[in-house]
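Residue-level structural notes
Chain by chain, the residues run as shown.
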Amino acid sequence: MPTMPFVPHVIDGKEVESLAGGVFDDVDPWTRAPWAQVALGTGEDAELAVAAARRAFDDGPWSRMGFAERGAVLHRLADLMTASAAELGEADSRDMGKPLVDSVGKDVPRAAANFRFFADHARLATGQALPMDTGHHAYSRFEPAGVVAAIAPWNFPLMLETWKVAPALAWGNTVVLKPAEDTPTSATLLARLALEAGMPPGVLNVVQGFGPDAPGQALTESPQVDRITFTGESGTGRIIARAAAANLTPVSLELGGKGANLVFADADLDNAVGWGIAAIFSNSGQVCLAGSRLLVQRPVLEEFLSRFVEAAQALRIGNPLDPDTQLGPLASQEHHAKVSGYLDLVASEGGTMLTGGPGEGWAVQPTVVTGVRADARLWCEEIFGPVVTVVGFDTEQEAVALANDSRFGLNAMVFTENLSRAHRVSAALRAGTVWVNCFFIRDLRAPFGGVGDSGVGREGGDFSREFFTEPKAVVMEIAAASDVWRDG
Ligand code: ADP
């Protein structure tokens, strides 16, 4: 029998097993069998990783290196990631069932772009210069914050890990990354490539394992950690915020969503159907930004739905490693059970399933539900699967009120050809991002984050700088106070 690959921690530049020696299975959700074994970290392993990151930060050279030199390492890492795209992408696909067209085709290029963007953003950033009329001069500096704990989810493993790790490193911090237990592999590969790119040992550490009573929790409770950046469920975000409060550690929380997708009668319907399908079914709906509440103005509701259902039925579900597959299975047995539980609610919540339902194995077919009440769990809760609920509306005001009636506020979409309405509705929507006539397009300088239960804080561009640095004011006296008012 061939032995399975082993996914170790990477601590202080070395690939290591857990101190306690434990391992756990990494299950491929398509085959539903383990394909790798992973080091089962404990709090002790997390402490070791934090200590390595602390030493690397305090001793340098990373934290004191010039931006150009540090940026060169990050660009080299991006080059190596691009050269290893097949291996990195396959790791995510086998870990969580994402089709290769998405992992190799989209996530790895974006992950590499995260390093390139933040390396350049940090190098080119400017601060404030404030000439004062008191004979002083003030300016701002951005010092690295220290040790960053990055706790990542399983839906876009490498892409979201690098979204946190890249700005943290670019600003001179050191990092302990804990990938989700369902998607351990690409993080270890990333740390391996970082060393190859010339990053000093201890600058990027990876600790594998679970959250509660495990490395995840230990990272959030460590007084040696200076920043916690987390992406995941809103409930977990609350737990992490509480843990962080004990040490007053700043946290950035990117949490769940229940994106409203507003389609007005004047919209380009082909465009709205195309983006609407991508918004809810790509990555099998396991997207915090999913457009899972679809609101369609009544004059076009019937026409829209018939085209939307046809497009949903045409999506090809299959083996993630097959290049023709568009949708893979859900990421794990546990998650499949959760999403299936929502399918079971359709009838009791008064809904009609126009298409969809259970798929093979851990897959769920693209599912379209109409007719649920505004207080239905299907309408209010984040399902995180390929399930969209659709309602009709009459007026713009009604659409905005329905969209905003949610405890989440991560993102929304608006489809209209009316320019004034596009601006008006974008302003009125309670959301961190509004896409007009498109979806998922990102400018990495733009703020990214959510309102309400969708999170705390923003990342991206200057917003990442604010979070991953300690902004400092330097005030310098350039003339003694008595000299300032002297004549001549
Ligand atoms: P899911 O339950 O869908 O996996 P989570 O939000 O719970 O989503 O998990 C996202 C990440 O948070 C994972 O890396 C997980 O291990 C970690 N995590 C879960 N619970 C905790 C916790 N109490 N403290 C720290 N990290 C946690």
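The structure under discussion appears in the preceding block.
Residues numbered from 1 in each chain as written. Predicted model: local features only at pLDDT ≥ 70, side-chain atom pairs only at ≥ 80, totals over all residues. Heavy atoms only, no water.

Inspection of helix α11 (residues 333–343) places His-335, His-336, Val-339, Ser-340, Tyr-342 and Leu-343 among the buried residues, and these make up the whole buried set. One side of α11 carries all its buried residues, which in axial view fall inside an arc of 150 degrees. Residues of α11 that are exposed and point more than 90 degrees away from the buried face comprise Gln-333 and Glu-334. Residues of α11 that are buried make contact with β15 (352–358), β16 (364–370), α12 (377–380) and β17 (387–393). (Buried < 20%, exposed > 50% of the residue type's maximum accessible area, 1.4 Å probe, protein only. Helix = DSSP H or I, 4+ residues; strand = E, 2+ residues; numbered from the N terminus. Arc of directions from axis to C-beta. Contact = heavy atoms within 4.5 Å.)

Here we come to the packing of aromatic side chains. Any two aromatic rings considered together are summarised by their centre-to-centre distance and by the angle between their planes. The full count for this structure, using the stated rule, is 14 aromatic pairs. A ring pair is formed by Phe-117 and Phe-118, whose centres lie 4.8 Å apart and whose planes are at 80 degrees; its orientation type is edge-to-face. Take Phe-117 and Phe-118: they sit in the same class, and that class is buried. Seen in terms of ring centroids, Phe-264 and Phe-393 are 5.2 Å apart; in terms of plane orientation they differ by 75 degrees. Their pairing is edge-to-face. One end of the pair, Phe-264, is in the loop between β13 (260–263) and α9 (269–281); the other, Phe-393, is in strand β17, and 129 residues separate them in sequence. Per residue, the accessibility class of Phe-264 equals that of Phe-393, and both read buried. Members of the aromatic cluster, connected to one another through ring pairs, are Phe-117, Phe-118, Trp-163 and Phe-448. Here the basic side chain of Arg-465 rests over the ring of Phe-142, its NZ or CZ set 3.8 Å away from the ring centre. (Phe/Tyr/Trp six-rings, centres within 6.5 Å; stacked < 30°, edge-to-face > 60°. Lys NZ or Arg CZ within 6 Å of the ring centre and 35° of its normal.)

This paragraph deals with the pairing of β15. Of the pairings in the sheet, the one linking β15 to β16 comprises five bridges and is antiparallel in character. Looking at β16, one finds that Pro-358 is bridged to Val-364. (Pairing = 2+ DSSP bridges.)

Around the ligand there are 19 residues in total, and Ala-152, Lys-178, Glu-181, Glu-233 and Thr-236 lie nearest to it. One of the backbone N or O atoms of Ala-152 is found 2.8 Å from an oxygen atom in the ligand. Measuring from an oxygen atom of the ligand, one finds a side-chain N or O atom of Lys-178 at 2.9 Å. Out of a free accessible area of 550 Å², the ligand has 86% covered by protein chains. For the shell around the ligand, the class distribution of residues is 10 nonpolar, six polar and three charged. (Near = heavy atom within 4 Å. Polar contact = N/O pair within 3.5 Å; in protein donor to acceptor, adjacent residues only side chain to side chain. Areas by Shrake-Rupley, 256 points an atom, 1.4 Å probe, with all protein chains shown as cover. Nonpolar A, V, L, I, M, F, W, Y, C, P; charged D, E, K, R; others polar.)

Throughout the structure, instances matching the rule amount to 24 salt bridges. Between Arg-94 and Asp-28 there is a salt bridge, with its nearest N and O atoms 3.4 Å apart. Taken together, the positions of Arg-94 in helix α3 (residues 85–96) and Asp-28 in strand β4 (residues 23–28) put the pair 66 residues apart, joining distant regions of the chain. When its relative accessible area of 22% is taken as the criterion, Arg-94 is described as partly exposed. Residue Asp-28 is classed as buried on the basis of its relative accessible area, which comes to 5%. Across the pair Lys-106 and Asp-102 runs a salt bridge, and its minimum N-O distance is 3.3 Å. Separated by four residues within a single helix, Lys-106 and Asp-102 lie in helix α4 (residues 100–124), roughly one turn from each other. (Salt bridge = Lys/Arg side-chain N within 4 Å of Asp/Glu carboxyl O.)

Before going further, it helps to spend a moment on the packing of helix α5 (residues 157–170) against helix α6 (residues 185–196). Relative orientation and spacing of two packed helices are given, respectively, by the angle between their axes and the distance between those axes. Two numbers describe how α5 lies on α6: the axes approach to 9 Å, and their chain directions differ by 50 degrees. Comparing their axes, α6 and α5 come out oblique. Crossing handedness for the pair α5 and α6: right-handed. Counted together, Pro-157, Leu-158, Glu-161 and Thr-162 of α5 and Ser-186, Ala-187 and Leu-190 of α6 form the full contact between these two elements. In terms of residue class, the contact of α5 with α6 is built from four nonpolar, two polar and one charged. (Axes fitted to C-alpha atoms, helices over the stretch in contact; angles between N-to-C directions. Parallel < 35°, antiparallel > 145°, perpendicular 65-115°, else oblique. Left-handed = near helix turned anticlockwise from the far one by under 90°.)

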